[in-house]
Amino acid sequence: MGKKLRIGWFTFTCCEDSSIVFVEMMNKHYFEWKELLDFRHCKMLKSKNSFDQFDVAFVEGAISSDRDKAKLLEIRDKSRYLVAIGSCACTGGPSAQRNTFPEHLKAKIEPFLKKWDLYRDVLRLDQVVTVDEKVDGCPMMEQRFLQVLDKYLVEFGVKKGDAALPGARGE
Ligand code: SF4
């Protein structure tokens, strides 16, 4: 069996639409990816997941609690590279909309923040950990995701650099 890229896919505060895009992309890429990727942790694909070491962790969503923050720090610790997936992870929003609520709306949501121990201000990933790459978009842009994936496949020697993944060049 050839070398595979050890990846993890994680989601935090968000609508998980980039996760849906990722799964939908497998309609086209599954048979190619299954030879290249070791899905160590990907809850939407598997019920038994490993949380050991990742070459690349793909992280969707924003950080809105100490629980999120602790988990993200753990992921960072176990990952050689960490990629922010989608606008919520890259910029905070739309998940961070409440950061700019007017005061009367902030007062209205305060009981809910207390009830679930949520931050008043939602954080983007790079406010908590080092982010190596960003795949922006709401949901993520497929071509950009393929470019980033391709870059790491080459860097880790899983594939040669002379032929980009199908779709990575926008064809
Ligand atoms: S970036 Fe958009 S699609 Fe992705 S989780 Fe946030 S709201 Fe949903």
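Look above for the structure.
Structural notes, computed from the coordinates. (Residues numbered from 1 in each chain as written. Predicted model: local features only at pLDDT ≥ 70, side-chain atom pairs only at ≥ 80, totals over all residues. Heavy atoms only, no water.)

Considerations on the site of the ligand
We count it as follows: We call a residue near a given molecule or strand whenever any one of its heavy atoms falls within 4 Å of it. A cavity here means a set of points on a 1 Å grid, drawn over the protein atoms and nothing else, where a 1.4 Å probe fits but cannot get out; a pocket is an open set with protein on both sides within 12 Å along at least five of seven lines, and a residue lines either one if it has an atom within 4 Å of a point. What decides whether a molecule sits in a cavity or pocket is whether more than half of its atoms lie within 2 Å of the grid points. Note on conventions: DSSP H or I runs of at least 4 residues are helices, E runs of at least 2 residues are strands, and numbering of each starts at the N terminus. Residues are sorted three ways: Asp, Glu, Lys and Arg are charged, Ala, Val, Leu, Ile, Met, Phe, Trp, Tyr, Cys and Pro are nonpolar, and all the rest, Gly among them, are polar.
All residues in the neighbourhood of the ligand are listed as Cys 14, Cys 15, Glu 16, Asp 17, Ser 18, Glu 60, Ser 87, Cys 88, Pro 94, Gly 137, Cys 138 and Pro 139. When atoms are counted within 2 Å of each cavity's grid points, the one that captures over half of the ligand is the second largest pocket. Going through the elements one at a time, helix 1 (17-36) and helix 3 (86-91) are the ones with two or more residues in the shell around the ligand. Broken down by class, the residue content of the shell around the ligand amounts to 6 nonpolar, 3 polar and 3 charged.

Details of the sheet that holds strand 3 (residues 54-60)
Applicable threshold: Being paired, for any two strands, means DSSP has found at least two bridges between them. Whenever a helix is involved, its axis is fitted only over the stretch in contact; in every case the axis is a line through C-alpha atoms, and angles between N-to-C directions fall within 0 to 180 degrees. Note on contacts: a residue pair qualifies if any of its non-hydrogen atoms lie within 4.5 Å across the two residues.
With parallel pairing, 5 strands are arranged side by side in an open sheet as 2-1-3-5-7. The outermost strands of the open sheet, each flanked by one partner alone, are strand 2 (37-42) and strand 7 (133-135). Each neighbouring strand pair of the sheet contributes to a mean axis angle of 25°, computed without reference to strand direction. Both strand 5 (residues 79-85) and strand 7 contribute to a ladder of 3 bridges, which runs parallel. Across the sheet, residue Ala 84 finds its bridge partner in strand 7, namely Lys 134. Of the strands in this sheet, strand 1 (5-11), strand 2, strand 3 and strand 5 are in contact with helix 1, which crosses strand 2 at around 150°. Strands strand 1, strand 3 and strand 5 of the sheet are contacted by helix 2 (residues 66-78), whose axis makes an angle of about 130° with strand 5.

Some thoughts on the pairing of strand 2
Basically, it comes down to this: Burial here depends on accessible area, computed with a 1.4 Å probe over protein chains only, as a share of the maximum for the residue type. Under 20% is buried, over 50% is exposed, and the range in between is partly exposed. Crossover handedness is defined here as right-handed if the route from the first strand over the helix to the second strand goes clockwise, with the strands pointing away from the viewer.
Of all the 6 residues making up strand 2, 5 are buried; the element is thus mostly covered by neighbouring parts of the structure. Crossover connection from strand 1 via helix 1 to parallel strand 2: handedness right-handed.

Points about the environment of Phe 58
For Phe 58, the position within the fold is in strand 3. Not counting chain neighbours up to four residues away, the residues in contact with Phe 58 comprise Ile 7, Gly 8, Trp 9, Phe 10, Val 83, Ile 85, Phe 145 and Leu 149.

A short note on the pattern of salt bridges
The cut-off we apply is this: By salt bridge we mean one thing: a side-chain nitrogen of Lys or Arg within 4 Å of a carboxyl oxygen of Asp or Glu.
Per the stated rule, a full pass over the model turns up 12 salt bridges. Across the pair Lys 151 and Glu 133 runs a salt bridge whose closest N-O atoms are separated by 2.5 Å. Residue Lys 151 is found in helix 5 (residues 142-155), and its partner Glu 133 is found in strand 7; the two are separated by 18 residues along the sequence. Asp 150 serves as the salt-bridge partner of Lys 159, at 2.7 Å between the closest nitrogen and oxygen.

A few points about the packing of aromatic side chains
Operational definition: Here is the rule: rings of Phe, Tyr and Trp (six-membered ring for Trp) pair when centre to centre is within 6.5 Å. Planes less than 30 degrees apart are stacked, more than 60 are edge-to-face, and the remainder are tilted.
For the structure shown, the criterion picks out 15 aromatic pairs. Seen in terms of ring centroids, Trp 9 and Phe 22 are 4.2 Å apart; in terms of plane orientation they differ by 5°. Their pairing is stacked. Of this pair, Trp 9 sits in strand 1 while Phe 22 sits in helix 1, and the two are 13 residues apart along the sequence. Arranged with centres 6.4 Å apart and planes meeting at 55°, the rings of Phe 22 and Phe 39 form a pair that is tilted.

Some details on the nonpolar core
We count it as follows: Buried Ala, Val, Leu, Ile, Met, Phe, Trp, Tyr and Cys residues that are joined via side-chain atoms within 4.5 Å together make up what is termed a nonpolar core.
Ranked by internal contacts, the top residues of the largest apolar core, which has 29 residues, are Leu 5, Phe 22 and Phe 145. Secondary structure elements with two or more residues in this core: strand 1, helix 1, strand 2, strand 3, strand 5 and helix 5. Those residues in contact with Phe 145 that sit more than four places away from it in its chain are Trp 9, Phe 22, Met 25, Trp 33, Phe 58, Ile 85, Val 135 and Met 140. With 18 residues, the next largest nonpolar core counts Leu 72, Ala 84, Ala 89 and Val 131 among its residues.

Examining the environment of Phe 12
The topology assignment puts Phe 12 in the loop between strand 1 and helix 1. Each C-alpha atom, one on Phe 12 and one on Leu 72, is 8.8 Å from the other, the two residues being 60 residues apart in sequence. Apart from residues lying up to four places away in sequence, Phe 12 is in contact with Val 59, Glu 60, Gly 61, Ala 62, Ile 63, Asp 68, Lys 71, Leu 72 and Ile 75.

Here we look at the side chain of Ser 87
Relative to the assigned elements, Ser 87 resides in helix 3. Once you skip the residues sitting within four places of it in the chain, Ser 87 turns out to touch Gly 92, Gly 93, Pro 94, Asp 136, Gly 137 and Cys 138.

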